[in-house]
Every structure is written in structure tokens, then in C-alpha cells.
Amino acid sequence: MVSVIGIPLDENSSFLRGAAQAPQRIREAFKSDSANSFSENGVDLNNHPDIKDLGDLKLSSMPQAFDQIEKAVAHEVNAGNKVFSFGGDHSITYPIIKGFAKKYPDLQILHIDAHGDLYDSFEGSKFSHACPFARIMEQGLAKRLVQIGIRTFTKHQREQAKKFKVETIEMKDWKDSFQFDFTGPVYISLDLDALDPAFVPGISHYEPGGFSTRQLISVIQNLNCQIVGADIVEYNPNRDVHDMTAMVAAKLYKELLVKLIK
Ligand code: MN
Ligand code: MN
């Protein structure tokens, strides 16, 4: 079973708020009459027996919100379910992975993002959406972190990546023929700003030079590994144009879901 959870938290976003509204808006896009509910490989994901949408978490403010996210995720993971989460800003991936870590001590993460999100702290916060993967790696919550789409490394982040032995394939070095070598359970964390802003106006941080939607769909479709969880984060409806980005998120949701139910 795949449990779908909305995590409406954008308190840890450094630049703009808005991502808290994302879960409901992506669900609406998924159900939009302008498209259908089939993945490209022909699976109808509407009312699928292996998927249950638990709705949005009712969150307190920080720092309690992180405990609530961890507990909710751990509850599903411990029940033997896979978990798909809608963010929220990217800070939520840290408590999500905490919720996975006990059951999956060998968890590997594929992190797709324009940003490394490896800051030790950002603007005075250790829980900023610029920091989740520093928290995850320093606490040993994942055995391996592979990053793609990255095109914003600072000197500090490069040092952090080295310190935590992060395997970063920067966007400037990306080849569509790249083959991942995951063995064992994998979690996919997808920050929509990995895409070029031309494809996703509804994000908070426009970083030119990213993936096309088609490139990213192909990355997901070509994954051949055991995927136990995924998130889509950083959709900001306040910046969207005619729900274009919501539709991209819904499309990626479908392609990820079909991998999770496999
Ligand atoms: Mn991010
Ligand atoms: Mn990002």
C-alpha cells in the first residue's frame, strides 16, 4: 500500500511562503478534467486499490511540526506502507526521513533539486529548507545521498558535500544516458525547482538551466530500484500561472506513484 500524506508546512522557507497550500492544489490538478489519471505506462491511478490518500496533516508550528511529521510518517512506514508526501517546503524531508530511518537503516536517497540543501544553518536556522540534507547526513539517517539537478553550489555547500560523501552529479555534468546504481531501498526527494523555471513558474526560487519536464519524467521512468518513499516539495501556488506548475507536479506524482506501487 502507498500512503499519500499532505504536509502543509512552509514556515522554514527562507524567501517566500506559499508552499503550505501545495498539497491541496496538486490533488486538484491530479483530478482536473483537463487531463486523465493514467500514468504513461497505462496504469489508472484514480481510486487505485494500492493507494490511500490520508489527507493533510494538522500541524502545529515549529518545532512541534517536525515531531508530528516524523510520527505520522513512521506510523505508515511501520505498518508496512510506502509513503508519498506532498510538501510543503523542503525542510519537511528531514522529519520524513527520520520517520523512515528505524525501519530502513540502509536507506539511500535520490535528491533532485537545483540546490544542494546542505547548509549547516541558513539565516540562523538549522531547520531551514536550505539545510535538510545536512541534518540527515550528520545524523546518519541515510546510507547514501545521490543528488542530481544541482547548479547552485557555494564553497560551503561543496565542503559539506565532501564532508558527508554526497554523490552530486551537478547539472553542468548531467548526461541523459546516466545510469543509477542503487541497490536496496531508495527514497526520492523531488524539489520542483530542479526543473528549469521555464517549465515551473510556481516555485519560490527561479534557477535557470534545469531539467526539462520530459528529461525528469525519463529519469523517473528509467529508475530500476526498490523505491520505498517519495516527496514532491516546493510548489508555490502564489507564483503559478494558470496552474501550469500544479499540472507538472501532478504529472510527476503519477509517474512516481506508479513506481511506488510496482
Ligand atoms: Mn530543495
Ligand atoms: Mn531547490
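Bear in mind that the values here come from a model prediction, so they are computed numbers and not experimental data.

Visitor: Tell me about the overall build of the protein, and please be specific about residues and values.
Guide: Each helix and strand in the protein was counted, giving 7 helices and 8 strands. Relative to its length of 262 residues, the protein is compact, with a C-alpha radius of gyration of 17 Å against a globular reference of 18 Å. By its C-alpha atoms, the protein is 45 × 40 × 35 Å across when sized along the principal axes. For the protein, buried positions account for 58% of its 262 residues. Sequence separation of at least 24 residues holds for 77% of the intrachain contacts in the protein that already meet a minimum separation of 6.

Visitor: Just give me the short version of the coordination of the manganese ion (ligand 1), but keep the residues and values in it.
Guide: The protein atoms that coordinate the manganese ion (ligand 1) are H90 (ND1), D113 (OD), D117 (OD) and D191 (OD), at distances spanning 2.1 to 2.2 Å. Donor residues for the manganese ion (ligand 1) sit on one chain with the sequence pattern H-x22-D-x3-D-x73-D. Taken as an interatomic distance, the gap from the manganese ion (ligand 1) to the manganese ion (ligand 2) is 3.3 Å; D113 donates to each of them. On the criterion of sequence distance, the pair formed by H90 in the loop between β3 (82–86) and α3 (93–101) and D113 in the loop between β4 (108–112) and α4 (132–138) is long-range, its members being 23 residues apart. According to the relative accessible area criterion, H90 is buried, its value standing at 0%.

Visitor: Report on the pattern of salt bridges, specifying residues and quantitative values.
Guide: Using the criterion set out here, one finds 15 salt bridges in the structure. Salt-bridge contacts for R144 lead to D181; the nearest nitrogen and oxygen are separated by 2.6 Å. Note that R144 is positioned in strand β5 (residues 144–148) and D181 in the loop between β6 (167–169) and β7 (185–191), a separation of 37 residues in sequence. On the basis of relative accessibility, which here comes to 53%, the residue D181 falls in the exposed class. Taken together, the shared-partner salt bridges connect D120, K126, R135 and E138 into one network.

Visitor: Just give me the short version of the packing of aromatic side chains, but keep the residues and values in it.
Guide: For any pair of aromatic rings, geometry is given as the distance between the ring centres together with the angle between the planes. In total, this model carries 15 aromatic pairs according to the counting rule given. Relative to F182, the ring of F180 lies with its centre 5.6 Å away and its plane at 10 degrees, an arrangement referred to as stacked. For F182, a relative accessible area of 8% puts it in the buried group. Here the aromatic cluster, defined as three or more aromatic residues joined through ring pairs, consists of W174, F178, F180, F182 and F211. The ring of Y206 is capped by R239, whose NZ or CZ atom sits 4.4 Å from the centre of that ring.

Visitor: So what about unusual backbone geometry? Which residues, and what values?
Guide: The linkage connecting M62 with the following residue, P63, adopts the cis geometry, with an omega of 0 degrees. Here G87 and G88 are connected by a cis peptide whose omega angle stands at 10 degrees. Checked against the element boundaries, G88 lands in the loop between β3 and α3. In this structure, E123 takes a positive phi of about 50 degrees despite not being glycine. As for its placement among the helices and strands, E123 is situated in the loop between β4 and α4. Residue class for E123 comes out exposed when judged on its relative accessible area of 65%.

What counts and how
Residues numbered from 1 in each chain as written. Chains lettered and ligands numbered in written order. Predicted model: local features only at pLDDT ≥ 70, side-chain atom pairs only at ≥ 80, totals over all residues. Heavy atoms only, no water. Helix = DSSP H or I, 4+ residues; strand = E, 2+ residues; numbered from the N terminus. Rg over C-alpha atoms; globule rule 2.2 N^0.38 Å. Buried < 20%, exposed > 50% of the residue type's maximum accessible area, 1.4 Å probe, protein only. Contact = heavy atoms within 4.5 Å. Donors = N, O, S within 2.8 Å, 3.2 Å for Na, K, Ca; no water. Salt bridge = Lys/Arg side-chain N within 4 Å of Asp/Glu carboxyl O. Phe/Tyr/Trp six-rings, centres within 6.5 Å; stacked < 30°, edge-to-face > 60°. Lys NZ or Arg CZ within 6 Å of the ring centre and 35° of its normal.

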